[in-house]
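# Reading the structure
Residues per chain, in single letters:
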Amino acid sequence: MNNTISIAEFKKLRKEGRVGKKQKGDKAKAEMYATVAKLTKQYGGVHYEELKFDSVRKFKFDFAIVIPQEDKQPIEIGIEYEGLMSEKSGHTTVAGYTSNCEKYNLATCLGWRMLRYTALNYKELENDLRKLLSNQI
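The sections below set out a description of the structure shown in this document. Being a predicted model, the structure only gives us computed values, none of them experimental.

Rules and cut-offs
Sequence order as written defines the numbering, with residues in each chain counted from 1. Since the coordinates come from a predicted model, pLDDT governs what is reported: local features require at least 70, and pairs of side-chain atoms require 80 or more to be given and counted, while whole-chain, interface and lining totals use all residues. To obtain the side-chain values, all non-hydrogen atoms of the structure were used and water was disregarded. Put simply, buried Ala, Val, Leu, Ile, Met, Phe, Trp, Tyr and Cys residues joined by side-chain atoms within 4.5 Å make one nonpolar core. Exposure categories follow from relative accessible area, calculated using a 1.4 Å probe and restricted to protein chains: below 20% of the type maximum is buried, above 50% is exposed, and the middle band is partly exposed. The helix count covers DSSP runs of H or I at least four residues long, the strand count covers runs of E at least two residues long, and both are numbered beginning at the N terminus. Whether two residues are in contact is decided by their heavy atoms, any of which lying within 4.5 Å being enough. Here, strands pair whenever DSSP counts at least two bridges between them. In the sections that follow, a salt bridge refers to a side-chain nitrogen of Lys or Arg positioned within 4 Å of a carboxyl oxygen of Asp or Glu. Stacked, tilted and edge-to-face pairs are distinguished by plane angle, under 30 degrees for stacked and over 60 for edge-to-face with tilted covering the rest, among Phe, Tyr and Trp rings (Trp via its six-membered ring) whose centres lie within 6.5 Å.

Within the largest apolar cluster, 19 residues are counted, with the highest numbers of intra-cluster contacts made by M32, I77, I79, L115, L125 and L129. For this core, the elements supplying multiple residues, two or more each, are helix 2 (22–42), strand 2 (60–69), strand 3 (72–81), strand 4 (113–117) and helix 4 (125–136). With near-sequence residues (within four places) excluded, I77 lies in contact with F63, A64, I65, W112, R113, L115, L129, L132 and L133. Counting residues in hydrophobic clusters, the runner-up holds 8 residues, among them F59, F61, V66 and W112.

Here 6 bridges tie strand 2 to strand 3, and the two strands are oriented antiparallel to one another. Looking at the pairing, F63 lines up with I79 of strand 3. A loop of 2 residues connects strand 2 with strand 3, the two strands running antiparallel in sequence, and D71 in this loop sits at a positive phi of about 60°. In the sheet, strand 3 pairs with strand 4 via 5 bridges, with the strands oriented parallel. Across the sheet, the residue bridging to E80 is R116, located in strand 4.

Counted according to the given criterion, the structure contains 8 salt bridges. When the shortest N-O distance is used, the salt bridge between E102 and R57 registers 3.2 Å. Within this pair, whereas E102 is found in helix 3 (residues 94–109), its partner R57 is found in the loop between strand 1 (46–52) and strand 2, the two being separated by 45 residues in sequence. For R57, a relative accessible area of 43% puts it in the partly exposed group. The closest approach of N and O atoms between R116 and E82, which form a salt bridge, is 3.0 Å. You can see R116 sitting in strand 4 and its partner E82 sitting in the loop between strand 3 and helix 3, a full 34 residues away along the chain. The class of R116 is partly exposed, set by a relative accessible area of 40%. Looking at E82, the relative accessible area reads 4%, which means it is buried. When salt bridges that share partners are traced, they join K38, E126 and R130 into one network.

Moving on: the packing of aromatic side chains. Summed over the entire model, instances satisfying the criterion amount to 6 aromatic pairs. Between the aromatic rings of F53 and F59, the centroid separation amounts to 6.2 Å while the plane-to-plane angle is 15°, which identifies the pairing as stacked. Considered together, F53 and F59 belong to a single accessibility category, that of buried residues. Taken together, the ring pairs connect F53, F59, F61 and W112 into an aromatic cluster.

It is worth stressing that arrangement in space is one thing and function is another; only the former is reported here.
Quick look at the structure:
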């Protein structure tokens, strides 16, 4: 997928409500939550919204899925919606981006699998989760 878009494409996406102000991201997050809930139920797990996965740094995921497995560690998946294209975003500052890198690295070190999305690719969540879960169960 080409991650570069023209200004005209950006304006079209903003007009469609796929990028822009915070409330535009709320629609994407609502769709992502529905997908997470559906697949978690299908695979017999538990899903969370705004799950704190580390008590020291108090980092939290936008969404998380935990699927227990017999005689194995549970499958733990952290899912993030990156508000890169919103008018005000900590994701685009050096400090904000660095903090996110620390968060994702810590999550990985703790055994979490990470999936990250933006306004341009959040609809790929269902396919990605299906691929990930079918390879792990």
